[in-house]
Amino acid sequence: MSGLKNSPFGKRLRATHQDNEEDGPRRNRQRVNPIFYTATSSTTKDATPESPITMREMYGDRFVPSRDAGDMRTSYHLMDESGPSTPSKSRIIPTESDALKEQANAIFTSILHTEVTPPSPRRPTSPQRPTTSSSATTTLPPSTPTRKRIFHYTSPATSANPSTPTRRLDTPTDEAYSMSPVRAESRQLLESPRRQLRSVCKTPYRVLDAPELADDFYLNLVDWSNTNVLGVGLGSCVYLWTAHNAAVSKLCDLAGSNDTVSSVSWVQKGTLLAIGTLSGRMHIYDANTLQLQRLYKNAHTQRIGALAWNSHILSSGSRDRMVHHRDVREPSQRPFKRCAGHRQEVLGGTDNKVCIWDLRGSKRASVAGSSTSGSGSVEDAGGSGSGDAPLWKFHEHTAAVKALAWDPHVSGVLATGGGTQDKHIRFWNTFNGTMLSELDTGSQVCNLIWSLTSHELVSTHGFSSTTAQNQFCIWKYPTLNMVASLTGHTHRVLYLAMSPDGETIVTGAGDETLMFWNAFPKKEGGEKRETRLDYGRLIR
């Protein structure tokens, strides 16, 4: 009896009894293919309107992919590098990529293109069957083939075509003998010499505490002298930091007059430091003796946010919308020249305008309000006696313009940066009043400064619509490619200055810190001689 249970007949009998004991609906349920997860119905007669069963397509046990659109060359070029024609409003501007990464990515893309989609060899065209004329009605009889030796061997030297496989294999550098996993074109690209790119250190080499460093976009509280002394305005005090020995000294304290420092600026050559205050006063100190040299009690009626030197001429811009020029050698309190062109605070231009005057007094032969063929326009500076009209007025910025920088390498080129609603750096030709180019940085432009050792521009940023926040960037001009992007501050990078050797920059922010960065290489060819053709010293 035990042999019957274990026999094939007994096994089938037990299986039949188990099926009869189960429920009826269980027998009619769908079976699921465990491989493709497609449900199949065991019966079709139960498909009634009361209990509908979806009939799905049945697949076999083999998957054959469709290769109708399998052209690798066409598929590889489906992604256009230029992107969509309509720009996206949520575009993320890359800020962390540097020149080394961009060069490596370009090489990888070229090698990938060469390996995945190699150039197709030129194949000979198929022979064309000759068309028979309508008059030819008879066919030629078969002819006996000529006698030819089938197994006939010739020396490779006797081959007339040098591109035959036999002649090709005689070359030691042929791909057939190569041990490299990539093609010859890719090997040549990898082994070719590449342009040496300098690497920028991503961390500051020194960090200083700067308590009470104001988080105000409209102030200029940091400047570096040609004697390698850093001047910083902290609240009502001005401190001096000597770079070669890291010594700190207090230059002045305006707490007694209940005033606050709003701007500082070193003379181009010497030890004089100009200080502007919120009340509109202007002080000139000698950093060597720590003595006050000049005091202009009524320099402006409101705060002084911008100061600039041109030899012994000191120019100041205020919230009272005026620009005053003073000769510090004269004891007079009155400026020898006044310029009016802005409708709001002079800090580059909080009225979104960039005005350019010529300190030498040259004027344009044009009527007030007329426009030029370029991107700039000329307007009256405002009434007789209020000052000369600016040479140019640029209106392309859509936010306050604080960042201004003259190119020391190309005469007459000015870089300007817009605020939160603009986020653009624009480059101008001040000879003809046209815009050369523009760059969307994706964040508020707080400061600009040109490198003295290379044709590069540094920009510091604040409020941003991208993932990067409070960074400063180095751009290559005129390609406007990013060299590096560095972060370290937790607040807007509002202050920027450069060392006299042009190698180090210092950044300041509302987080009350000053960070020193090795940003540029050493100067080549010795010291640069001054020239009177430098428009950065003549045009304001």
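*Asks:* I would appreciate a short explanation of the overall build of the protein in the present structure.
*Replies:* Helices and strands together make up the secondary structure of the protein, namely 7 helices and 28 strands. Across the protein, contacts joining residues at least 24 apart in sequence account for 49% of those joining residues at least 6 apart. When the accessible surface of the protein is summed, it comes to about 33,200 Å², and 53% of that surface belongs to carbon and sulfur atoms.

*Asks:* Before we go on, may I ask you to explain the sheet that holds strand E13 (residues 313–318) in this structure?
*Replies:* Across a sheet, paired strands are connected by hydrogen bonds in the backbone, their directions being either parallel or antiparallel. Taken in spatial order, the 4 strands line up as E12-E13-E14-E15 in an open sheet, and their pairing is antiparallel. Strand pairing shows two members of the sheet lacking a second neighbour, strand E12 (304–310) and strand E15 (337–340), which therefore form its edges. For this sheet the average axis-to-axis angle between neighbouring strands, irrespective of direction, equals 20°.

*Asks:* Just to check I follow, could you spell out the pairing of strand E28 (residues 513–518) for this structure?
*Replies:* Across the 6 residues that make up E28, a large majority, 5, are buried. Two elements, strand E3 (residues 206–209) and E28, share 4 bridges in a ladder whose sense is antiparallel. Across the sheet, residue Arg206 finds its bridge partner in E28, namely Phe516.

*Asks:* What should I look at first to understand the sheet that holds E28 in this one?
*Replies:* The 4 strands lie next to each other as E3-E28-E27-E26, forming an open sheet whose pairing is antiparallel. Taken across any chain shown, the strands that pair with only one partner, and hence form the sheet edges, are E3 and strand E26 (493–498). Averaged over all pairs of adjacent strands, the angle between strand axes in this sheet comes to 20°, irrespective of strand direction.

*Asks:* What should I look at first to understand the packing of aromatic side chains in this one?
*Replies:* Two aromatic rings, taken as a pair, are described by how far apart their centres are and by the angle between their planes. Applying the stated rule across the entire model yields 9 aromatic pairs. Ring centres of Trp224 and Phe516 lie 5.9 Å apart, and the angle between their planes is 90°; on these two criteria the pair is classed as edge-to-face. Of the two residues, Trp224 sits in strand E4 (residues 222–224) while Phe516 sits in strand E28, which places them 292 residues apart along the sequence. Of the residues examined, Phe516 reaches a relative accessible area of 0% and is grouped as buried. Relative to Trp428, the ring of Phe394 lies with its centre 4.0 Å away and its plane at 5°, an arrangement referred to as stacked. Here Trp428 lies in strand E20 (residues 424–429) and Phe394 lies in strand E17 (residues 392–394), a separation of 34 residues in the sequence.

*Asks:* Got a minute to help me understand the nonpolar core in this structure?
*Replies:* Proteins that are soluble and globular tend to have nonpolar side chains buried together. In this structure, Leu230, Ile275 and Leu514 are the most contacted members of the largest nonpolar core, which totals 33 residues. Elements with a minimum of two residues in this core: E4, strand E5 (229–234), strand E6 (237–242), strand E7 (247–253), strand E8 (261–266), strand E9 (272–277), E26 and E28. Sorting elements by how many residues they give to this core places E5 first, with 4 residues. Each residue touching Ile275, except ones within four places of it in the same chain, is listed here: Val238, Leu251, Cys252, Val261, Ser263, Val264, Arg281, Met282, His283, Tyr285 and Leu307. Grouped together as the second largest cluster of nonpolar side chains are 16 residues, Val413, Leu439, Trp475 and Leu480 included.

*Asks:* I keep staring at the environment of Ser315 and nothing clicks. Help me out?
*Replies:* Relative to the helices and strands, Ser315 resides in strand E13. Considering only alpha carbons, one finds Ser315 and His325, 10 residues apart in sequence, at a separation of 4.5 Å. Those residues in contact with Ser315, other than ones at most four positions away along the chain, are Ala306, Leu307, Ala308, His324 and His325. Within polar-contact distance, the side chain of Ser315 engages the side chain of His325 at 2.7 Å.

*Asks:* It is not clear to me how the environment of Lys523 should be interpreted in this structure. Could you clarify?
*Replies:* Along the chain, Lys523 falls in the segment after E28. Linking Lys523 and Thr453, residues 70 residues apart in sequence, is a C-alpha distance of 4.9 Å.

*Asks:* Looking at this structure, how should I read the pattern of salt bridges?
*Replies:* Any two side chains of opposite charge can pair if their charged atoms end up close together. In total, this model carries 5 salt bridges according to the counting rule given. Between Arg492 and Asp215 there is a salt bridge whose closest N-O contact spans 3.4 Å. In this pair, Arg492 sits in the loop between strand E25 (481–487) and E26 while Asp215 sits in the loop between E3 and E4, placing the two residues 277 residues apart along the sequence. Owing to a relative accessible area of 39%, Asp215 belongs among the partly exposed residues under this scheme.

*Asks:* Even after reading the chapter, I still don't get the side chain of Asn447, so can you show me in this structure?
*Replies:* Following the sequence through the fold, Asn447 ends up in strand E22 (residues 443–450). Judged by its relative accessible area of 10%, Asn447 is buried. Among the polar contacts listed, one links the side chain of Asn447 to the backbone oxygen of Leu494, at a separation of 2.3 Å. Excluding residues within four positions of it along the chain, Asn447 makes contact with Asn220, Lys402, Ala403, Val458, Ser459, Thr460, Val493, Leu494, Tyr495 and Leu496.

*Asks:* Looking at this model, I keep getting lost on the state of the cysteines. Mind explaining?
*Replies:* Each disulfide consists of a covalent bond between the sulfur atoms of two cysteine residues. Per the stated rule, a full pass over the model turns up 0 disulfides. Distance from the sulfur of Cys355, which forms no disulfide, to the nearest cysteine sulfur (Cys339) is 9.8 Å. You can call Cys355 buried: its relative accessible area is 10%.

*Asks:* Is there a simple way to explain the confidence of the model for the protein in this structure?
*Replies:* Any segment with low pLDDT has predicted coordinates that should not be analysed in fine detail. Averaged over all residues, the pLDDT of the protein equals 76, while 64% of them reach at least 70. Contacts of residues 32–53 to residues separated by more than four positions or lying in other chains number 25 contacts, the stretch itself having pLDDT below 50. Here residues 364–387 is a poorly scored stretch, pLDDT under 50, and it has 51 contacts once near neighbours within four places are set aside; other chains count.

*Asks:* Help me understand the pairing of strand E10 (residues 282–286), please; the structure alone is not making it clear to me.
*Replies:* Both faces of the sheet carry side chains from a regular strand, because those side chains alternate between them. With 5 of its 5 residues buried, E10 lies for the most part within the structure. Burial of E10 is two-sided: the residues Met282, Ile284 and Asp286 facing one way and the residues His283 and Tyr285 facing the other way are all buried. Strand direction decides the pairing type here: E9 and E10, joined by 5 bridges, are antiparallel. When the sheet's bridge partners are listed, Leu273 is paired in E10 with Tyr285. Remark: 4 residues form the turn of the hairpin made by E9 and E10, two consecutive strands paired antiparallel; Gly280 in that turn has positive phi of roughly 95°. The pairing of E10 with strand E11 (residues 291–296) spans 5 bridges and is antiparallel. Note on E11: the bridge partner recorded for Tyr285 is Leu292. Turn length for the E10-E11 hairpin, with the two strands adjacent in sequence and antiparallel, is 4 residues, and the turn residue Leu290 shows positive phi of about 60°.

Basis of the calculations
Per-chain numbering applies: the sequence of each chain, read as written, is numbered from 1 onward. The predicted origin of the model limits local features to residues at a pLDDT of at least 70 and limits the giving and counting of side-chain atom pairs to 80 or more, whereas totals for whole chains, interfaces and linings rest on all residues. Excluded from the side-chain calculations are hydrogens and water; all other atoms, namely the structure's heavy atoms, are used. The helix and strand labels rest on DSSP assignments: H or I over at least four residues marks a helix, E over at least two residues marks a strand, and numbering proceeds from the N terminus. In this analysis, two residues are considered to be in contact whenever any of their non-hydrogen atoms come within 4.5 Å of each other. For the area figures, the Shrake-Rupley method with a 1.4 Å probe applies, and any residue is considered shielded solely by the protein chains shown. Two strands are said to pair when DSSP picks up at least two bridges between them. Orientation is described by lines fitted to C-alpha atoms, with helices fitted over the stretch in contact, and by angles between N-to-C directions that extend from 0 to 180 degrees. Burial classification: accessible surface area is computed with a 1.4 Å probe over protein chains only, and a residue below 20% of its type maximum counts as buried, one above 50% as exposed, and the rest as partly exposed. Only the six-membered ring of Trp is used, alongside the rings of Phe and Tyr, when aromatic pairs are assigned; centres must lie within 6.5 Å, and planes under 30 degrees apart are stacked while those over 60 apart are edge-to-face, with the rest tilted. For our purposes a nonpolar core is just a set of buried Ala, Val, Leu, Ile, Met, Phe, Trp, Tyr and Cys residues, chained together by side-chain atoms within 4.5 Å. The definition of a polar contact used here is a pair of N or O atoms within 3.5 Å, where within protein one atom must be able to donate a hydrogen and the other to accept one, and adjacent residues in sequence count solely through side-chain atom pairs. Should a side-chain nitrogen of Lys or Arg be within 4 Å of a carboxyl oxygen of Asp or Glu, the pair is scored as a salt bridge. Cysteine sulfurs are considered disulfide-paired once they come within 2.5 Å of each other. Confidence per residue, as judged by the predictor, is encoded in pLDDT with a range of 0 to 100.

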